[in-house]
Amino acid sequence: MKTEQKVPEGTMLPLMEAFYTIQGEGRFTGHPAYFIRLGGCDVGCVWCDVKESWDSGKWPILSIEKIVAGALEFPGRLVVITGGEPLMYDLGPLTKLLRENGFTINIETSGAHPFSGDFDWVCFSPKKFKKPHDSIYKVADELKVVVFHQSDFEFAKKHAELVNINCELRLQPEWSKAEKFTPIIIDFAKNHPKWKISLQTHKFMDIP
Ligand code: SF4
């Protein structure tokens, strides 16, 4: 009789793409980094610029060994795990293997699923379209709120009250609304100096 072996959770992951580039936004702006973009997202942001990531079934399922081998091909040792929504998966095994191979590990997440994994930097970007899971607030190193609508300032302030006291606060104009909201964000930051500004500099540099 054939016995089926269950694949341990988090050891095979849908990979939409992986590429070596320069981190364009947030605290690590300007740092060379290997991006691991996992497929699958159930948040549904109207302005999402990676909508093709939403359906996890469209992407090849790779072993974490293969994913890490891809990262090792490049000289940088900073990895950014993004999506999609990467916390849809148990990220414990992937981050453990990256750690064993000497990587600094960052994540970009909407926080919409239970937190997992071992990270050096957690960039939490909450979205109105799906409530964050409570586990994100104590581990977030950076709260990055994308401003697409005037009401996003109140949304940002509300989340700033929920994150831990060491969490850095950033507002980032959504690319298509940058002309309208950048001056308003500048005024907001000047009047609320705990907040800093993040820009999608990779778009200015025309890199992924
Ligand atoms: Fe797109 Fe990210 Fe929003 Fe998911 S959470 S819909 S990937 S912007």
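Structure: above.
Now for a description of the structure that goes with this document. (Residues numbered from 1 in each chain as written. Predicted model: local features only at pLDDT ≥ 70, side-chain atom pairs only at ≥ 80, totals over all residues. Heavy atoms only, no water.)

**Side note on the environment of Lys138**
Where we set the bar: To qualify as a helix, a DSSP run of H or I must reach at least 4 residues; to qualify as a strand, a run of E must reach at least 2; elements of each kind are numbered from the N terminus.
Relative to the elements of secondary structure, Lys138 occurs in the loop between strand 6 (121-124) and strand 7 (142-147). Separated by 29 residues in the primary sequence, Lys138 and Cys167 place their C-alpha atoms 8.8 Å from one another.

**Points about the packing of aromatic side chains**
What counts, and what does not: Any pair of Phe, Tyr and Trp rings, taking the six-membered ring for Trp, is counted once the centres come within 6.5 Å. Such a pair is stacked with planes under 30 degrees apart, edge-to-face with planes over 60 apart, and tilted for the rest. For a ring to carry a charge above it, either NZ of a lysine or CZ of an arginine must fall within 6 Å of the ring centroid while also lying within 35 degrees of the normal to the ring plane.
Here the structure, examined in full by the defined rule, presents eleven aromatic pairs. Ring geometry for Phe124 and Tyr137: centres 5.5 Å apart, planes at 90°, overall edge-to-face. With Phe124 in strand 6 and Tyr137 in the loop between strand 6 and strand 7, the pair connects residues that are 13 residues apart, well separated along the chain. On the numbers, 5.1 Å between centres and 75° between planes, the contact of Trp175 with Phe204 is edge-to-face. Here Phe204 lies in helix 5 (residues 201-205) and Trp175 lies in the loop between strand 8 (168-173) and helix 4 (178-191), a separation of 29 residues in the sequence. By way of ring pairs, the aromatic residues Phe153, Phe181, Phe188 and Trp195 are connected into one cluster. Looking at Lys128, its charged tip hangs above the ring of Phe155, at a distance of 5.9 Å from the centre. Sitting over the ring of Phe148, Lys177 keeps its end group 4.9 Å from the ring centre.

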